[in-house]
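Analysis of the macromolecular model
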Amino acid sequence: MQQAAREQEFTPALGASWLTPFYDTAIAMLTREETWRRALIEAIDPAPGDRILDIGCGTGSLAVALARSADIVGIDPDPDILARAGAKAAAAGANVRFIAGFFSPEVLPGDWRPTKIVSSLVLHQTPVPEKKRIIGAIHRLLPPGGLFCLADYGAQPTAQQRFLFRQMVQRIDGAENTEPNALGVIDDLLAEAGFDGAAPSRVIRTMTGAISIWRAVRKPV
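Thresholds applied
Residues numbered from 1 in each chain as written. Predicted model: local features only at pLDDT ≥ 70, side-chain atom pairs only at ≥ 80, totals over all residues. Heavy atoms only, no water. Helix = DSSP H or I, 4+ residues; strand = E, 2+ residues; numbered from the N terminus. Buried < 20%, exposed > 50% of the residue type's maximum accessible area, 1.4 Å probe, protein only. Pairing = 2+ DSSP bridges. Right-handed = clockwise from strand over helix to strand, strands pointing away. Salt bridge = Lys/Arg side-chain N within 4 Å of Asp/Glu carboxyl O.

**Overview of unusual backbone geometry**
- For arginine 32, which is not a glycine, the phi torsion comes out positive at approximately 55 degrees.
- With respect to the helices and strands, arginine 32 occurs in the loop between helix H2 (23-30) and helix H3 (33-44).
- In this model, aspartate 45 sits at a positive phi of 50 degrees, which is unusual for a non-glycine residue.

**Points about the pairing of strand E2 (residues 71-76)**
- Here E2 lies mainly inside the structure; 5 of its 6 residues are buried.
- Here strand E1 (residues 51-55) runs beside E2; their pairing, made up of 5 bridges, is parallel. Of the residues in E2, the one forming a bridge with isoleucine 55 is isoleucine 75.
- For the segment spanning E1, helix H4 (residues 61-66) and E2, crossover handedness is right-handed.
- Where E2 meets strand E3 (residues 96-100), 5 bridges bridge the pair, whose relative direction is parallel. Considered in E3, the bridge of glycine 74 is made with phenylalanine 98.
- Remark: the E2/helix H5 (residues 79-92)/E3 crossover connection has right-handed handedness.

**What about the pattern of salt bridges?**
- Considering all chains together, one arrives at 7 salt bridges under this definition.
- Ionic pairing is found between arginine 37 and glutamate 33, a salt bridge with its closest N-O pair at 2.6 Å. With arginine 37 and glutamate 33 both in helix H3, this residue pair falls 4 residues apart, about one helical turn.
- Assessed through its relative accessible area of 14%, arginine 37 is described here as buried.
- Arginine 162 is the partner of glutamate 179 in a salt bridge, and the nearest nitrogen-oxygen pair spans 2.5 Å. Here glutamate 179 is found in helix H9 (residues 175-182), whereas its partner arginine 162 is found in helix H7 (residues 159-167), with 17 residues between them in sequence.
- When its relative accessible area of 24% is taken as the criterion, glutamate 179 is described as partly exposed.
- Look at arginine 162 and you get buried, because its relative accessible area is 15%.

Structure (structure tokens):
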């Protein structure tokens, strides 16, 4: 019963399930998606032989793009948005495996283990204990030298960006889970987990607040 209850506890992509059909359009219009997604892919630097896990893969835009160069598994707890991801991958002829559920190493297929992990616009929606759990599990799952690339709302660099974040993101997703991101908690959690690269490599200002790109490496043994 506890697991069943937990599986219902996720924030839909735009804060409410009825808005899901508008997700791709909203992200493209309001977040400078082309800019931050290109920066994220550059940080990931996908190559043949890479096994990349996309946590909170949403409608599959990133997974489909990465599938041109690497072996991709996407995971998301929202069945409606995963259906859209599957349709998008099929339309693009992209070989992406999608898993419905919350991220944990136990849900990955067989002995498949990632060499790189990516997530975008997900962690700001989760409570701090869940942010910590996810980042810690990512660190344990990656091999030494493995790469975690993250695009999400982080510390807001100006009063204007902080205002936009409050008016846009926090109105949709609420303040309780998003406020720690705006105060820089992601940097702290990455460092606490043991990653090199706990500070953003790039900060991109948008109409919804600044989106940061992190390129965090699990320290070699």
